[in-house]
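Breakdown of the fold
These are the residues of each chain, in order.
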Amino acid sequence: MFEIGFDQAAGLRARQRPLASAGLMAVACPAQPARAYELLCTLAAHLTALDRAPVIVDGSATESSSRLRGDGSHLGLLRALQDPSISGLACPVDGAEWLAMPGALGLQSLQETARAGGAGVALSRLLAPFAPEALVLLFAPAFSLGQLLGGSGARVLVPVLEQPQATFDTYGAVKLLHGAGLAPVLAPLASPDAASALQQTVDTVADCAQRHLGLALDAWPVHTWGHRVQEAALTCAPRAGQARPAPAATRTAGALPLWS
């Protein structure tokens, strides 16, 4: 409750802060992306309740070449990045609760931008098509997020799910993100019957991260997701399109064996 950047007044500050640009929260995609869709929808619902417009960009789904609609959902991220006439994306026009876009090809294009100009330039390009009230949830593999945002210190949600090898997969994502200079945060989502087992997974991953990486991992309870994501979301700085630094300490490390 009293950690830096989040307390009982965090939600109020988030509502009062002027929205100069859309925000970005990256979410690491597990080996089986469909298993994390419930988590994405839960987070999107929390943001909607806080008067933000969540936009899910699914980096595990490839864009269509169709030009049927103009709200971004069928266009996909790549065309939104390439077409300067597309702007102000935030809410779907078909009555859906939030906008969802495929984004695998757009993500590849943004990774090229990051390699050429850095994470801040890639972030500025990514957020350009979206309205200030939008909060983009970029759902992509940890490796891809590292290539896009590496060195920025950005918070990245790592789903902790009820699935086989959850401990191994979660720790692997944490290690990749930490090594890329990002700040992974565990986001456990469990049914009441599996809460105890999932907490054991969280504890095991946190212990391994502390012992082998020297990393003190945060784990965000479900009921805090909306406020915390608003506080931690990346936005474009007023000048030069640089990313606002995240409050967590970062470290860039080379490739290491998975469990070391």
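Below you will find a few notes about this structure. (Residues numbered from 1 in each chain as written. Predicted model: local features only at pLDDT ≥ 70, side-chain atom pairs only at ≥ 80, totals over all residues. Heavy atoms only, no water.)

**Quick notes on unusual backbone geometry**
- The phi dihedral of D51 is positive, around 70°, even though this residue is not glycine.
- By secondary structure assignment, the location of D51 is in the loop between α2 (37–49) and β2 (53–58).
- One non-glycine residue, Q165, lies in positive phi territory at about 60°.
- Turning to its location among the elements, Q165 is positioned in the loop between β5 (155–160) and α7 (166–179). (Helix = DSSP H or I, 4+ residues; strand = E, 2+ residues; numbered from the N terminus.)

**With respect to the nonpolar core**
- With 53 residues, the main nonpolar core has L24 and F130 as its most contacted residues.
- No other element matches the six residues that helix α8 (residues 195–213) contributes to this core.
- Apart from the residues within four sequence positions on either side, F130 is in contact with A22, V55, V57, G88, L89, M101 and V136.
- Judged by nonpolar contacts, the second largest core, of 24 residues, contains C29, L135, F139 and A187. (Core = buried A, V, L, I, M, F, W, Y, C linked by side-chain atoms within 4.5 Å. Buried < 20%, exposed > 50% of the residue type's maximum accessible area, 1.4 Å probe, protein only. Contact = heavy atoms within 4.5 Å.)

**Details of the environment of L189**
- With respect to the element layout, L189 can be found in the loop between β6 (183–188) and α8.
- Discounting chain neighbours no more than four positions away, the residues touching L189 are E38, L39, T42, V160, E162, L198, V222 and W225.

**Considering the packing of α2 against helix α9 (residues 225–232)**
- Two numbers describe how α2 lies on α9: the axes approach to 8 Å, and their chain directions differ by 80°. Considered as vectors, α2 and α9 are oriented roughly perpendicular to each other. Within the contact between the two elements, α2 uses L39, T42, L43, H46 and L47 and α9 uses W225, G226, V229 and Q230.
- In terms of residue class, the contact of α2 with α9 is built from five nonpolar, four polar and no charged. (Axes fitted to C-alpha atoms, helices over the stretch in contact; angles between N-to-C directions. Parallel < 35°, antiparallel > 145°, perpendicular 65-115°, else oblique. Nonpolar A, V, L, I, M, F, W, Y, C, P; charged D, E, K, R; others polar.)

**Some remarks on the sheet that holds strand β4 (residues 134–140)**
- Strands sit in the order β3-β2-β4-β1-β5-β6-β7 across an open sheet of seven strands; the sheet is parallel. At either end of the open sheet lies a strand with only one pairing partner, and these are β3 (99–102) and β7 (218–219).
- Inspection of the sheet shows β6 paired to β7 by two bridges, in the parallel sense. Looking at the pairing, L186 lines up with A219 of β7. (Pairing = 2+ DSSP bridges.)

**Some points on the pairing of β5**
- Within β5, six of the six residues are buried, which leaves the element mostly enclosed by the surrounding structure.
- Burial along β5 is two-sided: R155, L157 and P159 and V156, V158 and V160, pointing in opposite directions, are all buried.
- Looking at chain direction, strand β1 (residues 23–28) and β5 are connected through two bridges and run parallel. Pairing of V27 across the sheet is with L157, part of β5.
- Handedness of the crossover joining β5 and β6 through α7 is recorded here as right-handed. (Right-handed = clockwise from strand over helix to strand, strands pointing away.)

**Some words on the side chain of T201**
- Along the polypeptide, T201 turns up in helix α8.
- Excluding anything up to four places from it in sequence, T201 contacts V160, A166 and T167.

**Details of helix α4 (residues 104–117)**
- Its 14 residues give α4 an end-to-end C-alpha distance of 20 Å, which sits within 8% of 20 Å, the value for a rise of 1.5 Å per residue.
- Every buried residue of α4 is accounted for by A104, G106, L107, S109, L110, Q111, T113 and A114.
- Elements in contact with the buried residues of α4: β2, α3 (76–82), β3, α5 (119–127), β4 and α6 (142–149).
- The positive-phi residue at the C-terminal boundary of α4 is G118, with phi of around 100°. (Expected span 1.5 Å × (residues − 1).)

**Re the packing of α4 against α5**
- One can describe the packing of α4 onto α5 by two numbers: an axis separation of 7 Å at closest approach and a directional angle of 145°. The handedness of the crossing between α4 and α5 is right-handed. Residues S109, L110, T113, A114 and G117 of α4 pack against A119, V121, A122, R125 and L126 of α5.
- In terms of residue class, the contact of α4 with α5 is built from six nonpolar, three polar and one charged. (Left-handed = near helix turned anticlockwise from the far one by under 90°.)

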